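Reading the structure
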Amino acid sequence: MHFPFRDVPAFRRNPLTLLTDRAHATDQGQGFVPLALGLRPIYLCNSPQATRSILKWPTRELDKGSLVQRLRPIMGQSLLTNNGDAHKASKTAIHRHLQRNAISGNIEKMIAIVNGYIAGLATQKPFRPTNISAPLALQMGATALFGHDVLDAADRMALIAAVQTVESELADDMFRVLPNGPRKAAERSQRIDGAREIVAAVINRARASNNRSPLLLALEEAGLSDEQVNAELLGLLIAGHHTTGASISWMFYKMALDPSLADVLAYEADSVMQDLENGDSGALRRAPLSESFVKETLRVYPAGWWTSREFLQSAEVEGRKFRRGDMVMISPWVLHKDPRNWEQPEEFRLDRDYSHPSYMPFGVGGRSCIGMAIAMFELQLVALQFASAFSLSGEFGAVHLKPHPSVTLLAPDLELSLTTRDERKFRQTEAVA
């Protein structure tokens with residue numbers, strides 16, 4: 001007898017293990033693995049071809065599923081939850097700003113932000129990456145979205161607290177089988193409303209600034225209401241700051257686990273940082289080691305570890321017939337860990353070919369992450385600057401680097417030690433590269 005909730009207990013215990021075990025035990029030729037996570041059919045993509053087909057399928061037949069729509073009471077009407085014309089209008093406005101202004105106009109400011117954190121850590125050793133990664137990512141992201149110094153330290157701390165509240169509620173709500181009781185539902189609603197009010201207040205201050213962000217202007221020119229603008233910015237802050245922040249923590253842990261990685265990155269920083277400081281964003285294209293380091297971090301620990309789609313009408317994909325209402329789950333974590341896609345997938349290596357069709361930390365097609373270029377820029381910049389400034393170490397092994405699958409793939413809370421690099425001694429050991 002088929003029990004529709006059979007997989008729910010295992011999923012709530014450890015969704016990464018359940019999805020990986022099911023996908024890797026199934027022939028990739030099947031493309032999809034059925035999961036018992038509710039009354040409605042849910043299928044997990046287990047091959048790159050099936051996943052890419054789903055992500056590129058016409059949105060009139062297949063779009064964001066009800067699992068994603070659960071975010072709407074918290075996130076509002078935003079790019080993360082909208083479909084159709086509303087999604088297109090927001091994406092066009094945001095994409096135009098992110099492509100033209102977010103990186104090129106803020107390189108020196110972002111370098112200064114990272115240097116500020118480096119200076120602070122130099123006098124506060126040891127440190128916990130999870131304590132600084134989210135604030136660092138938020139400050140860099142806020143600079144890209146709002147411009148430099150539009151948000152003060154109090155605004156940033158308020159945003160961090162509010163965004164963490166929202167993410168906690170999102171994580172609790174994901175795949176919940178039974179609804180909360182009236183009391184818990186009311187308490188949850190109060191927390192969400194309070195967090196959204198904080199975000200709205202901070203964003204309204206940013207909008208009232210004399211130094212108005214091109215992104216704000218673009219959203220307003222697209223005809224979005226105040227509520228819609230605030231929802232879009234909340235979505236960008238959550239999608240950007242926490243995913244990038246988690247990836248920063250993972251990078252620090254990897255540099256501590258294998259100090260030779262940081263040595264190589266520090267050597268590469270010598271060749272490109274001056275050009276970056278002079279505003280040359282193209283300098284990062286001449287830094288292939290740090291690019292591979294970031295890409296490998298995102299392969300092993302993809303911050304966006306899952307998403308879903310729902311069929312709006314019957315269709316056939318890769319030989320499987322789906323009915324209206326059927327849902328499909330996509331997990332980069334599953335694809336990135338599959339030995340059929342990657343040689344020794346658990347090993348951290350910088351010699352991989354990231355053009356492999358299973359590599360998709362930012363998704364693929366028209367629904368790929370709109371902030372991909374900014375995230376790559378920020379992560380590569382942080383890796384180069386921190387590796388150039390410090391050698392990292394910690395009393396832990398690879399076994400301790402267990403991810404926590406929340407809305408994003410969170411890093412553990414471990415302590416690292418810092419040693420400031422002796423520049424003269426480092427020059428004498430440049431052969432390490």
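Residues numbered from 1 in each chain as written. Predicted model: local features only at pLDDT ≥ 70, side-chain atom pairs only at ≥ 80, totals over all residues. Heavy atoms only, no water.

**With respect to the packing of helix α14 (residues 288-300) against helix α16 (residues 372-389)**
Where α14 contacts α16, the two axes come as close as 9 Å, and the packing angle between them is 115°. Comparing the axis directions of α14 and α16 gives the class roughly perpendicular. α14 and α16 meet at a crossing whose hand is right-handed. Counting all contacts with α14, which are made through Ser-290, Glu-291, Phe-293, Val-294, Lys-295 and Leu-298, the residues of α16 involved are Met-376, Leu-379, Gln-380, Ala-383 and Leu-384. Taken together, the residues that form the contact of α14 with α16 break down as 7 nonpolar, 2 polar and 2 charged. (Axes fitted to C-alpha atoms, helices over the stretch in contact; angles between N-to-C directions. Helix = DSSP H or I, 4+ residues; strand = E, 2+ residues; numbered from the N terminus. Parallel < 35°, antiparallel > 145°, perpendicular 65-115°, else oblique. Left-handed = near helix turned anticlockwise from the far one by under 90°. Contact = heavy atoms within 4.5 Å. Nonpolar A, V, L, I, M, F, W, Y, C, P; charged D, E, K, R; others polar.)

**Quick notes on the pattern of salt bridges**
Within this structure, the stated rule accounts for 13 salt bridges. In this structure, the salt-bridge partner of Arg-40 is Glu-310, at a minimum N-O distance of 2.4 Å. Of this pair, Arg-40 sits in the loop between β1 (32-35) and β2 (42-45) while Glu-310 sits in strand β4 (residues 307-311), and the two are 270 residues apart along the sequence. The exposure class assigned to Arg-40 is partly exposed, which follows from its relative accessible area of 34%. Here Glu-310 falls in the buried class, since its relative accessible area comes to 13%. (Salt bridge = Lys/Arg side-chain N within 4 Å of Asp/Glu carboxyl O. Buried < 20%, exposed > 50% of the residue type's maximum accessible area, 1.4 Å probe, protein only.)

**Remarks on the nonpolar core**
Ranked by size, the top nonpolar core spans 80 residues in total, and within it Leu-136, Phe-252, Leu-276, Val-382 and Phe-386 carry the most contacts. Ranked by residues supplied to this core, first place goes to α16 with 12 residues. For Phe-252, the residues in contact, after removing those within four places along its chain, are Phe-127, Pro-129, Ile-132, Val-382, Phe-386, Leu-392 and Leu-416. (Core = buried A, V, L, I, M, F, W, Y, C linked by side-chain atoms within 4.5 Å.)

**Overview of α16**
The end-to-end C-alpha separation of α16 is 26 Å, in line with the 26 Å expected for 18 residues at 1.5 Å each. Most of α16 sits out of view: 15 of its 18 residues are buried. (Expected span 1.5 Å × (residues − 1).)

**Observations concerning unusual backbone geometry**
Of note, Glu-318 is a non-glycine position whose phi angle comes to about 50°, a positive value. Relative to the elements of secondary structure, Glu-318 occurs in the loop between β5 (315-317) and β6 (320-322). Judged by relative accessible area, which is 35%, Glu-318 ranks as partly exposed. Phi is positive for Gln-344, close to 45°, though the residue is something other than glycine.

**Structural notes on the sheet that holds β4**
Overall, mixed pairing links the 5 strands, which are arranged β1-β2-β7-β4-β3 in an open sheet. Strands with a single pairing partner mark the edges of an open sheet, and in this sheet they are β1 and β3 (62-64). Adjacent strand axes in the sheet meet at a mean angle of 35° when their direction is disregarded. Examined bridge by bridge, β1 and β2 share 4 bridges and lie antiparallel to one another. Looking across to β2, one finds that Leu-35 is bridged to Ile-42. Relative to the sheet, helix α3 (residues 48-55) contacts β1, β2, β3, β4 and β7 (327-330), its axis offset from that of β7 by approximately 120°. (Pairing = 2+ DSSP bridges.)

**Looking at the packing of helix α8 (residues 129-146) against α16**
Put simply, α8 and α16 touch, their axes get as near as 11 Å, and they point 130° apart. One element, α8, and the other, α16, form an angle in the oblique class. Every pair of crossing elements has a handedness; the one defined by α8 and α16 is right-handed. Contact residues: α8 offers Ile-132, Leu-136, Met-140, Gly-141 and Ala-144, while α16 offers Ile-374, Glu-378, Leu-381, Val-382 and Phe-386.

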